[in-house]
Amino acid sequence: MSKRKDLRPDTNLVAAGRRPEWTSGIVNPPVFRASTILFDSVAEMQAAEPPQDGTLHYGRNGTPTTWALQEAITELEPGAALTRLYPSGAAAVAGALLSVLSAGDELLMVDSAYGPTRGLCDTVLKRYGVTTHYYDPMIGAGIADLIGEKTRAIFLESPGTHTFEVQDIPTICAAAQAQGVATLIDNTWATPLYLPAIGLGVDLSILACTKYIGGHADVMLGSVTATEGFAQRLERTRRMLGQSAGPDDAWLALRGLRTLSVRLARHQESALKIAHWLEQQPKVARVLHPALPSCPGHEFFSRDFKGATGLFAFVLAGGDAAARNALIDRLDLFGIGWSWGGYESLAVPGGFTRTATTPDFEGPLVRLHIGLEDPDDLIEDLERALADYPG
Ligand SMILES: Cc1ncc(COP(=O)(O)O)c(C=O)c1O
């Protein structure tokens, strides 16, 4: 499609990754299922080495279905060179970290990271000789003091899982760059549409495409987008680890991507309406939402993000975990289940592990994902469930 570089993000979302030479004029690339690719001669087979996007080589190295999604995500991140796909968001986090770390290295990991990301650091990375130090999500320029001789990477996740602190991404990236340290971000919450992270100085931007990119709660997929300086080692590591994504999942994610903008706008609007309503409820002590001034790092949200999405949390006033769980059970329109980013609303008990910091709130936490339902129905549902809360 258009190779214009000056397209606005919404137009880019429609045009990105569409190559007539890969699809013969079909609007969406078909699902190419392939392991073996046949060549006419040994010479032709040898000419396909090393594998490159756009040249069929072997199923694990992609087909037009996966190349189209990779290219589309790359085009949403100004300054990015390449995207690689993984079978889940967790696999993408692992693939990105393993591409920049070796035995003996130290990693600075944000204390508000997604639980399984912490788990990876505390088990597999530890076993392979990488030491992880957790840091305060609000550290900002103070990160420079934590960078030591062995520090090779700083991992950000903004906003933080379950607690929603927004990090000062450009300041952390500038400190890292000054000392030759790689920066990685889990950008699943905002997506490149609301936070083009590479433009802010990040080297590797990670998405659980399972969430908003897929958008329909029916696909497991991850991606990592890299700058030129990190592209080769990302691809080399992916290939050595044997990571690839199924074409059906890539197809679903690409279909989801095309409507990302309209879906996020609705998630944002409804979630904000509900967050403001919750703020007024006497049984709610605090609402944790990056677009609210009370959220730690709200000033960085206002400066760096182009929008908010549908995931946030609230702290109940009084009560305990059992009462909180009973409140979630009373909700009728909110499903109870892991993940988020689909068209449907979800509620789960909030919970987190911290080793470097303690969030400045107490009380049972509820995490909500606001879907595409009418927000007034969701408010009525929450109102009914809160009415019986003992707090
Ligand atoms: C912030 C964040 N990153 C990564 C992941 C992992 O994605 P996946 O479930 O596709 O492995 C999740 C899943 O909930 C997440 O919330």
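Attention here is on the structure that accompanies the text.

Conventions we followed
- The numbers attached to residues start from 1 for each chain and follow its sequence in the written order.
- With pLDDT at 70 or above as the cut-off, local features in this predicted model cover only qualifying residues; side-chain atom pairs require 80 or more to be listed or tallied, and sums for whole chains, interfaces and linings still use all residues.
- With hydrogens and water stripped out, all remaining heavy atoms of the structure feed into the side-chain values.
- Secondary structure elements follow DSSP: runs of H or I of four or more residues count as helices, runs of E of two or more count as strands, with numbering from the N terminus.
- For the radius of gyration, the atoms used are the C-alpha atoms, and the globule rule reads 2.2 Å times the number of residues raised to 0.38.
- Only protein chains enter the accessibility calculation, which uses a 1.4 Å probe; a residue is then buried when its area is under 20% of its type maximum, exposed when over 50%, and partly exposed in between.
- We call two residues contacting when some pair of their heavy atoms lies within 4.5 Å.
- Here the accessible surface of atoms and residues is derived via Shrake-Rupley with a 1.4 Å probe, and residues count as covered only by protein chains that are part of the display.
- Counted charges follow a simple rule, with Lys and Arg positive, Asp and Glu negative, and His plus the chain ends left uncounted.
- Think of each charge as sitting on NZ of Lys, CZ of Arg, CG of Asp or CD of Glu.
- By nonpolar core we mean a set of buried residues, namely Ala, Val, Leu, Ile, Met, Phe, Trp, Tyr and Cys, connected to one another through side-chain atoms within 4.5 Å.
- Any two strands between which DSSP finds at least two bridges are classified as paired.
- For this purpose, a residue is taken to be near a molecule or strand whenever a single non-hydrogen atom of the residue falls within 4 Å of it.
- We call two N or O atoms a polar contact when they sit within 3.5 Å, provided that within protein one can donate a hydrogen and the other can accept it, with sequence-adjacent residues counted only if both atoms are side-chain atoms.
- Note on residue categories: nonpolar means Ala, Val, Leu, Ile, Met, Phe, Trp, Tyr, Cys or Pro, charged means Asp, Glu, Lys or Arg, and polar means any other residue, Gly included.
- In the sections that follow, a salt bridge refers to a side-chain nitrogen of Lys or Arg positioned within 4 Å of a carboxyl oxygen of Asp or Glu.
- Every axis corresponds to a line fitted to the C-alpha atoms, with the helix fit spanning only the stretch in contact, and the corresponding angles, defined between N-to-C directions, vary from 0 to 180 degrees.

1. Some thoughts on the overall build of the chain
Right, on to step 1. Regarding its fold elements, the chain presents 15 helices and 11 strands.
Right, on to step 2. Its C-alpha atoms give the chain a radius of gyration of 21 Å, near enough to 21 Å, the size a compact globule of 391 residues would have.
Right, on to step 3. In the chain, which comprises 391 residues, the proportion classed as buried is 56%.
Right, on to step 4. Once local pairs closer than 6 in sequence are excluded, the contacts in the chain between residues at least 24 apart make up 73%.
Right, on to step 5. Surface exposure of the chain reaches about 16400 Å², of which carbon and sulfur atoms provide 53%.
Right, on to step 6. Both charge centroids of the chain, one from 33 positive and one from 45 negative side chains, sit 5 Å from each other.

2. Quick look at the nonpolar core
Right, on to step 1. If you look at the biggest cluster of nonpolar residues, it comprises 88 residues, and the most contacted ones within it are Leu69, Leu97, Leu107, Ile154, Leu184, Trp189 and Leu257.
Right, on to step 2. In this view, Leu97 contacts Leu107, Met109, Leu120, Leu125, Phe155 and Leu184; residues no more than four positions away in its chain are not counted.
Right, on to step 3. Counting residues in each nonpolar core, the second largest holds 26 residues, with Leu278, Val287, Ile328 and Phe334 among its members.

3. Focus on the pairing of strand E9 (residues 311-316)
Right, on to step 1. In terms of burial, E9 is largely enclosed, as 6 of its 6 residues are buried.
Right, on to step 2. Across the two faces of E9 the burial is the same, with Leu311, Ala313 and Val315 and Phe312, Phe314 and Leu316 all buried.
Right, on to step 3. Sheet topology places strand E8 (residues 284-288) next to E9; 4 bridges connect them, and they run antiparallel. Its bridge partner being in E9, Val284 is matched across the sheet by Leu316.
Right, on to step 4. As paired elements, E9 and strand E11 (residues 365-369) share 5 bridges and run antiparallel to each other. Counterpart to Leu311 in the pairing with E11 is His369.

4. Here we look at the site of the ligand
Right, on to step 1. Around the ligand sit 13 residues, and of these Gly89, Ala90, Asp186, Thr210 and Lys211 come closest.
Right, on to step 2. Between the ligand and the protein, one listed contact pairs an oxygen atom with a backbone N or O atom of Ala90 at 2.8 Å.
Right, on to step 3. Residue Tyr114 places a side-chain N or O atom 3.4 Å away from an oxygen atom belonging to the ligand.
Right, on to step 4. Surface burial for the ligand is 90%, taken as the share of its 390 Å² of free accessible area covered by protein chains.
Right, on to step 5. Looking at the shell around the ligand, its residues break down into 5 nonpolar, 5 polar and 3 charged.

5. Digging into the pattern of salt bridges
Right, on to step 1. Within this structure, the stated rule accounts for 15 salt bridges.
Right, on to step 2. For Asp105, the salt bridge goes to Arg152, with nearest N and O atoms at 3.6 Å. Here Asp105, found in the loop between helix H5 (89-100) and strand E2 (106-110), pairs with Arg152, found in strand E4 (residues 151-157); they are 47 residues apart in sequence, far enough to count as distant.
Right, on to step 3. By relative accessible area, which is 8% here, Asp105 ends up buried.
Right, on to step 4. Of the charged contacts in the structure, one is a salt bridge between Arg238 and Glu235, with a shortest N-O distance of 2.8 Å. Here Arg238 and its partner Glu235 are both found in helix H10 (residues 228-241), 3 residues apart, which amounts to about one turn of the helix.

6. Some words on the sheet that holds strand E1 (residues 82-86)
Right, on to step 1. In space, the 7 strands of this open sheet follow the order E1-E7-E6-E5-E4-E2-E3, with mixed pairing throughout. The open sheet has two free edges, formed respectively by E1 and strand E3 (131-135), since each of these has just one partner strand. Adjacent strand axes in the sheet meet at a mean angle of 20 degrees when their direction is disregarded.
Right, on to step 2. Pairing geometry for E1 and strand E7 (residues 222-226), over 5 bridges, is antiparallel. Bridge assignment links Leu85 to a residue of E7, and that residue is Ser223.
Right, on to step 3. The strands that helix H4 (residues 64-75) touches are E1, strand E6 (204-208) and E7; relative to E1, the one it contacts most, it runs at about 130 degrees.

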